[in-house]
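The lines below spell out each chain.
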Amino acid sequence: RRFLGGLMILTGNAEPTDRIVGLELGADDFVSKLTSPREIVARLRSLLRRSQNLAAAQEDSPPEKAPARTGKWILDMSRHELYAPDGRLVHLTSAEFGTLRHLNAHRGEAVSREDLSQAVLHRRFDALDRSIDNLVSRLRKKFEALDPACRVLKTVRGEGYVFVGFDHDG
C-alpha cells in the first residue's frame, strides 16, 4: 500500500522564491513558522482530508494496468515508475509522475494548466504560478536526456499541453 499523505513544509524562511521552489518540488503546502498554530493545524487537517479523499477515490476507481507499455518506453502505473527505452528507471518526483499520469489519461487531448494544477497539485490554478510549466519542462528534459528524439509533450498555445504517447516519439 502506498503512502497517500501530503507534504507540508514548515520553515522560518518566508521568501516567495523559496515557497515557489518548495511547491514545485512536490510540497502540497508551504507554511512560515510565523503562521499561527491554529492556522497550521487547520492546514494540516485540510491536507489530511484531501489525502483521504484521494485515497478513497483511488480505491473506488478500477485498477490501473501495470505496466502499460507505450512504444519503447514502459509506464508502470501501479508502481509509479517510468522506464526508458534502454530499460533504465527514470527518476520522477511524485508531481512529475502525476503530471505524466494525468496527461496519459487524456492522451491526444489538450489538457489545460488549470486542469493539471487541480489534478496534480490539488490546488486552484494561479496565472502567475509557473509550477505546471516547470513540471512539463522538467519532464521534457528527462525524456530528451535519455532519448534526444523524444518529443512526446506538445504545447498548444492558449490551451495547454498534449501527451501524444511514446509510440509517436521522434
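For the structure itself, look to the data block above.
How each quantity is defined
- Residues numbered from 1 in each chain as written.
- Predicted model: local features only at pLDDT ≥ 70, side-chain atom pairs only at ≥ 80, totals over all residues.
- Heavy atoms only, no water.
- Helix = DSSP H or I, 4+ residues; strand = E, 2+ residues; numbered from the N terminus.
- Buried < 20%, exposed > 50% of the residue type's maximum accessible area, 1.4 Å probe, protein only.
- Contact = heavy atoms within 4.5 Å.
- Areas by Shrake-Rupley, 256 points an atom, 1.4 Å probe, with all protein chains shown as cover.
- Phe/Tyr/Trp six-rings, centres within 6.5 Å; stacked < 30°, edge-to-face > 60°.
- Polar contact = N/O pair within 3.5 Å; in protein donor to acceptor, adjacent residues only side chain to side chain.

Enquirer: So what's going on with the overall build of the protein? Residues and values would help.
Expert: Within the protein one finds five helices and eight strands. In the protein, the order of α-helices and β-strands from amino to carboxyl end is β-α-β-α-β-β-β-β-α-α-α-β-β. Taken over 170 residues, the protein has a buried fraction of 36%. Here the analysis covers contacts within the protein between residues at least 6 apart in sequence; of these, 42% occur between residues at least 24 apart. For the protein, the exposed area adds up to about 10,400 Å²; of that, 53% sits on carbon and sulfur atoms.

Enquirer: An account of the packing of aromatic side chains is requested, with residue identities and associated values reported.
Expert: All told, the structure shown has one aromatic pair when counted by the stated rule. When the ring of Trp-73 is compared with that of Phe-143, the centres are 5.3 Å apart and the planes differ by 80 degrees; the resulting orientation is edge-to-face. Placement of the pair is Trp-73 in strand 4 (residues 73-76) and Phe-143 in helix 5 (residues 131-146), with a sequence separation of 70 residues.

Enquirer: For the side chain of Asp-129, give the residues involved together with the corresponding values.
Expert: Following the sequence through the fold, Asp-129 ends up in the loop between helix 4 (113-121) and helix 5. Within the local environment of Asp-129, its side chain forms a polar contact with the side chain of Arg-123, the two groups lying 2.9 Å apart.

Enquirer: Let's hear about the environment of Leu-103: which residues, and what values?
Expert: Mapped onto the elements, Leu-103 comes out in helix 3 (residues 94-105). Taking relative accessible area as the criterion, Leu-103 reaches 0% and is therefore assigned buried. Leave out the neighbours within four places in its chain, and Leu-103 touches Val-111, Leu-116, Leu-153, Tyr-161 and Phe-163.

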